[in-house]
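# Tertiary structure, described
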Amino acid sequence: QVQLVESGGGLVQAGGSLRLSCAASGRIPSSSAMAWIRQTPRKEREFVAAISWRGGNTVYRDSVKGRFTISRDNAKNTVYLQMNSLKPEDTAVYYCAARFTDTTSTDYTDYPFWGRGTQVTVSS
């Protein structure tokens, strides 16, 4: 088990930017993958992005490509999600999640460890 704590959410206007952070209380195993997953106001869960901890390989859902960037700081045990050109449809609770294999997955059910989430609201 690993404890994940998200921060950085808030209210922004369309076209604005936010950077989310996810801090892990325990050390993240080198053979891990970290992901951002969101739950929309209609309770739909959507995979957003993932990164392998060791190699830094990334994958994104199509709707955020070119706008969002996932990154990590291994020394700080922290994962980031830089969100630019935000749209109202990006409004959701954003969760940080982890799985202990160094392969990214676009299926959110493959990530057993989740944080408590941080709210992102984009107004039009």
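A brief report on the enclosed structure follows. Computed from a prediction, not measured in an experiment: that's the story for all the values here.

Within the protein chain one finds zero helices and eleven strands. For the protein chain, the sequential pattern of α-helices and β-strands runs β-β-β-β-β-β-β-β-β-β-β. Against the 2.2 N^0.38 benchmark of 14 Å for 124 residues, the protein chain shows a C-alpha radius of gyration of 13 Å, consistent with a compact globule. Overall, the protein chain is about 40 × 25 × 25 Å in size when its C-alpha atoms are taken along their principal axes. The proportion of buried residues among the 124 residues of the protein chain is 44%. Accessible surface for the protein chain amounts to roughly 6300 Å². Of this, 43% is attributable to carbon and sulfur atoms. Computed over 15 positive and 10 negative side-chain charges, the separation of the two mean positions in the protein chain equals 4 Å.

Turning our attention to the side chain of Thr-40. In this fold, Thr-40 is placed in the loop between β4 (33-39) and β5 (45-52). With sequence-adjacent residues up to four places away left out, Thr-40 is seen in contact with Glu-46, Thr-91 and Ala-92.

Counting residues in each nonpolar core, the largest one holds 28 residues, and the members touching the most others are Met-34, Trp-36, Leu-81, Met-83 and Tyr-94. When neighbours within four sequence positions are excluded, Tyr-94 is seen to be in contact with Glu-6, Leu-20, Trp-36, Ile-37, Arg-38, Val-48, Phe-68, Leu-81, Met-83, Gly-117, Thr-118 and Val-120.

With that settled, consider unusual backbone geometry. Glycine aside, residues mostly have negative phi, and peptide bonds are mostly found in the trans state. Positive phi outside glycine occurs at Lys-43, with the angle close to 70°. In this structure, Lys-43 sits in the loop between β4 and β5. Judged by its relative accessible area of 60%, Lys-43 is exposed. A positive phi is found at Ser-85, a non-glycine position, where the angle reads about 50°.

On to the packing of aromatic side chains, then. Tallying each qualifying case throughout the model produces three aromatic pairs. Arranged with centres 5.4 Å apart and planes meeting at 50°, the rings of Tyr-95 and Trp-114 form a pair that is tilted. Within this pair, whereas Tyr-95 is found in strand β9 (residues 92-99), its partner Trp-114 is found in strand β10 (residues 113-114), the two being separated by 19 residues in sequence. Assessed through its relative accessible area of 27%, Trp-114 is described here as partly exposed. Relative to Trp-114, the ring of Tyr-108 has its centre 6.2 Å away and its plane inclined at 80°; by these criteria the two rings are edge-to-face. With relative accessibility at 28%, the residue Tyr-108 sits in the partly exposed group. Taken together, the aromatic side chains of Tyr-95, Tyr-108 and Trp-114 make up a single cluster linked through ring pairs.

The four strands are arranged β1-β3-β8-β7 in an open sheet whose pairing can be described as antiparallel. Looking at which strands have only one partner, the edges of the open sheet turn out to be β1 (4-7) and β7 (68-73). Looking at each pair of strands side by side, their axes are set apart by 15° on average, direction ignored. As paired elements, β7 and strand β8 (residues 78-83) share six bridges and run antiparallel to each other. By the bridge assignment for β8, Asp-73 is matched with Thr-78.

Thresholds, definitions, all that
- Residues numbered from 1 in each chain as written.
- Predicted model: local features only at pLDDT ≥ 70, side-chain atom pairs only at ≥ 80, totals over all residues.
- Heavy atoms only, no water.
- Helix = DSSP H or I, 4+ residues; strand = E, 2+ residues; numbered from the N terminus.
- Rg over C-alpha atoms; globule rule 2.2 N^0.38 Å.
- Buried < 20%, exposed > 50% of the residue type's maximum accessible area, 1.4 Å probe, protein only.
- Areas by Shrake-Rupley, 256 points an atom, 1.4 Å probe, with all protein chains shown as cover.
- Lys, Arg positive; Asp, Glu negative; His and termini not counted.
- Charge placed at Lys NZ, Arg CZ, Asp CG, Glu CD.
- Contact = heavy atoms within 4.5 Å.
- Core = buried A, V, L, I, M, F, W, Y, C linked by side-chain atoms within 4.5 Å.
- Phe/Tyr/Trp six-rings, centres within 6.5 Å; stacked < 30°, edge-to-face > 60°.
- Pairing = 2+ DSSP bridges.
- Axes fitted to C-alpha atoms, helices over the stretch in contact; angles between N-to-C directions.

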